[in-house]
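What follows is the residue order along each chain.
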Amino acid sequence: MNARGAMWFTLSWIMFPAGVALGWMFIRSEQPAAHGYGLAAATTAGSAIVLLAPVAMVLAAIAGSRWEHAGWRACDAARGSLAVIADVLWPLAAAGSLALFAVLALAGSGLSGVVAVGPSLALLLVGMILLGFGLGVRLPLRLAAPLSVVGGYAFFAFPLVVEPTWLRQVTGIWWGCCSISRTLDSRAAVAVVAVGLGLAGAGFVMAAWGRVWASLAVAAAGIALGVLVVGKSGPDPSVVRTGDMVCQGMPGLGEVCVWPEHQGALDGLAAQAPAAVRVATALSMTVPPTFTEDATKRLGYFALEPGAPAEMTTYAFVMALLPDFDDACQARVEALPSSDPYDAVDAARAQLASELGLTRSEIRRLAGAQAIAESIDVSAVQDAILTCDLARLTGP
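About the thresholds
Residues numbered from 1 in each chain as written. Predicted model: local features only at pLDDT ≥ 70, side-chain atom pairs only at ≥ 80, totals over all residues. Heavy atoms only, no water. Phe/Tyr/Trp six-rings, centres within 6.5 Å; stacked < 30°, edge-to-face > 60°. Helix = DSSP H or I, 4+ residues; strand = E, 2+ residues; numbered from the N terminus. Buried < 20%, exposed > 50% of the residue type's maximum accessible area, 1.4 Å probe, protein only. Salt bridge = Lys/Arg side-chain N within 4 Å of Asp/Glu carboxyl O. Pairing = 2+ DSSP bridges. Axes fitted to C-alpha atoms, helices over the stretch in contact; angles between N-to-C directions. Right-handed = clockwise from strand over helix to strand, strands pointing away.

### Overview of the packing of aromatic side chains
Item 1. The full count for this structure, using the stated rule, is 5 aromatic pairs.
Item 2. Relative to Phe 317, the ring of Phe 291 has its centre 5.1 Å away and its plane inclined at 80°; by these criteria the two rings are edge-to-face. Here Phe 291, found in strand β5 (residues 290-292), pairs with Phe 317, found in helix α12 (residues 310-321); they are 26 residues apart in sequence, far enough to count as distant. Taken individually, Phe 291 and Phe 317 each receive the classification buried, so the pair is uniform in this respect.
Item 3. Ring geometry for Phe 302 versus Phe 317: centroids 6.2 Å apart, planes at 35°, classification tilted. One end of the pair, Phe 302, is in the loop between β5 and α12; the other, Phe 317, is in helix α12, with 15 residues separating them in the sequence. Here Phe 302 matches Phe 317 in class, with each residue buried.
Item 4. Site record: aromatic cluster; members linked through ring pairs are Phe 291, Phe 302 and Phe 317.

Okay, structure coming up:
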């Protein structure tokens with residue numbers, strides 16, 4: 001390795017501590033520790049790529065400018081452009097990728113979270129590095145450097161502020177993923193891979209062949225493929241989680257099931273569940289055989305943060321017995337001219353929470369109800385929610 005190569009090698013590996021520092025600042029501000037769920041921590045921490053990528057692109061642009069002025073094309077013609085570019089950029093690509101994986105690990109993602117999020121984001125980062133290199137080769141550094149910073153940042157920031165919201169999924173900014181009951185939609189990861197390959201191809205075409213319009217076409221093709229893969233999947237890149245759960249039975253009363261990450265909360269939930277079953281039975285409500293964090297279950301599903309106050313645990317059972325409207329019913333409710341269905345559900349939840357021992361102040365804070373309806377038929381409201389019989393939830 002000559003002096004020029006040694007200097008670039010050293011400069012490239014500056015990306016590792018710089019990237020880790022930037023990522024650490026990001027995760028400290030975003031606090032992605034998501035109740036023990038490694039995937040949620042990983043998707044939030046992975047968004048630190050918005051800081052890492054522009055830095056990596058600038059360093060790649062510097063490399064492209066230096067190698068172009070040094071006549072690398074003529075000196076290394078026998079090796080081929082791909083081999084030369086790979087030889088130049090592998091230290092930067094390795095340093096940036098390792099920094100990204102280190103940030104994911106520091107966020108508490110665990111092995112499963114790192115594996116789920118890291119490879120696709122690392123490929124996207126490498127693609128942006130190649131694009132920065134191509135800009136450095138084809139443009140004066142005084143233009144390539146600022147364009148790398150502004151363009152790299154805009155690539156992530158612009159989809160966050162425009163419609164449709166699912167566009168952000170192709171950039172790897174997956175803030176909407178994931179609650180404990182959901183997991184990353186594989187389409188989002190595939191879309192990011194497609195975009196990363198498109199940007200990498202664009203950078204290579206620009207650097208090796210100097211065909212700017214062709215490179216734009218390659219980048220557009222990768223982005224278009226990513227958009228096509230994601231489709232109109234909604235703002236959150238997640239799907240309902242499935243898999244083995246940890247359960248605890250209640251003799252004669254069914255069972256309570258949680259995801260493995262929440263096993264520590266299982267004893268407390270199982271201790272409170274019998275009271276919820278007894279009250280629901282006394283009110284002639286339908287009682288599910290299982291109270292669970294499995295979101296595929298319509299009745300009995302609850303969402304709870306470990307370590308939450310006792311009143312929130314109690315209210316989790318209220319929500320399990322009086323769930324939200326499903327998507328189809330929600331659309332019908334939103335089309336109504338009044339808020340009667342919401343008011344009826346809030347009142348029923350308040351009544352059930354009162355029966356479970358919550359105070360009026362706790363109920364107002366959790367259910368949003370201004371007063372407790374003393375005579376509402378909670379069982380009828382439950383049935384109306386499950387069957388979407390809105391006539392039973394609206395006034396005369």
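### A word on the pattern of salt bridges
Item 1. Enumeration according to the criterion identifies 5 salt bridges in this entry.
Item 2. With a shortest N-O distance of 2.8 Å, Asp 185 and Arg 187 are connected by a salt bridge.
Item 3. For Asp 383, the salt bridge identified is with Arg 392, shortest N-O distance 2.6 Å.
Item 4. Look at Asp 383 and you get partly exposed, because its relative accessible area is 33%.

### Looking at the sheet that holds strand β3 (residues 246-250)
For sheets, the rule is that strands pair by backbone hydrogen bonds, running either parallel or antiparallel.
Item 1. Taken together, 3 strands build an open sheet; the order of strands is β3-β4-β5 and the sheet is mixed. The open sheet has two edge strands with one neighbour each: β3 and β5. Strand-to-strand twist in this sheet, taken as the mean axis angle between neighbours without regard to direction, amounts to 15°.
Item 2. The pairing of β3 with strand β4 (residues 254-258) spans 5 bridges and is classified as antiparallel. Its bridge partner lying in β4, Gln 248 is registered against Val 256.

### Quick look at the pairing of β4
Regular strands show a simple pattern: their side chains alternate between the two faces of the sheet.
Item 1. Adjacent in sequence and paired antiparallel, β3 and β4 are bridged by 3 residues, among which Gly 252 carries a positive phi angle near 75°.
Item 2. Relative to β5, β4 runs parallel, the two sharing 3 bridges. Bridge pairing in β5 places Glu 255 opposite Thr 290.
Item 3. As a crossover connection, the stretch from β4 through helix α11 (residues 266-282) into β5 is left-handed.

Geometric values such as these leave the question of function open.
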